[in-house]
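One-letter residues, chain by chain:
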Amino acid sequence: MNQEIYCSVNTCHYWANGNHCKANKIMVTSDAVGDSMPDNFDAPQASMAAPTPANTCMETACKTFVPNQSDKINADGVYKQS
Ligand code: SF4
């Protein structure tokens, strides 16, 4: 699989010029899960996560987002590709 992920959230650690997401994997989930689950629940656990139906894009969120310069950039088990 050769995917390209574009994202305009330029305050994220994984963001790169051209609005590229450079995370090796991401998890998109519901806002509720994004709010309630800890930082170490992310893309590496995603295949075992319960489905989270949504009705609009407003109800979805990137769980992998972590702010630039955060001391939690390694908490999710995701790495930034070059
Ligand atoms: S991890 Fe999520 S928020 Fe961060 S750049 Fe990638 S898609 Fe955007």
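The following refers to the structure shown. Because the structure is predicted, anything quoted here is derived from the model rather than measured.

### Observations concerning the overall build of the protein
What the protein contains, in helices and strands, is 1 helix and 4 strands. Along the protein, helices and strands appear, N-terminal first, in the series β-β-β-α-β. The C-alpha atoms of the protein give a radius of gyration of 12 Å, which matches the 12 Å a tight globule of 82 residues would have. Its C-alpha atoms put the protein at 30 × 25 × 25 Å along the principal axes.

### Describing the environment of Lys63
With respect to the helices and strands, Lys63 occurs in the segment after β4 (60-62). In the structure, Lys63 is positioned 24 residues away from Asp39 in sequence and 8.3 Å away in space, judged by C-alpha atoms. Here Lys63 is in contact with Met27, Thr29, Val33, Gly34, Met37, Pro38, Asp39, Phe41 and Asp42, once residues within four sequence places are set aside.

### So, the environment of Val9
Summarising the element assignment, Val9 is placed in the segment before β1 (15-16). Under the relative-accessibility criterion, Val9 is labelled partly exposed at 37%. Linking Val9 and His20, residues 11 residues apart in sequence, is a C-alpha distance of 9.6 Å. If near-sequence neighbours (up to four positions away) are discounted, Val9 is found in contact with Trp15 and Phe65.

### What about the pattern of salt bridges?
Between side chains of opposite charge, a pair can form as their charged atoms come close. Evaluation of the coordinates by the stated rule reveals 1 salt bridge. Close ionic contact of Lys72 with Asp39 constitutes a salt bridge, the shortest N to O distance being 3.7 Å. Of this pair, Lys72 sits in the segment after β4 while Asp39 is found in the loop between α1 (31-36) and β4, placing the two residues 33 residues apart along the sequence.

### Looking at the side chain of Asp42
Here Asp42 is to be found in the loop between α1 and β4. Buried and without a salt bridge, Asp42 has Lys63 as its closest oppositely charged side chain, separated by 4.7 Å.

Definitions and limits used
Residues numbered from 1 in each chain as written. Predicted model: local features only at pLDDT ≥ 70, side-chain atom pairs only at ≥ 80, totals over all residues. Heavy atoms only, no water. Helix = DSSP H or I, 4+ residues; strand = E, 2+ residues; numbered from the N terminus. Rg over C-alpha atoms; globule rule 2.2 N^0.38 Å. Contact = heavy atoms within 4.5 Å. Buried < 20%, exposed > 50% of the residue type's maximum accessible area, 1.4 Å probe, protein only. Salt bridge = Lys/Arg side-chain N within 4 Å of Asp/Glu carboxyl O. Lys, Arg positive; Asp, Glu negative; His and termini not counted.

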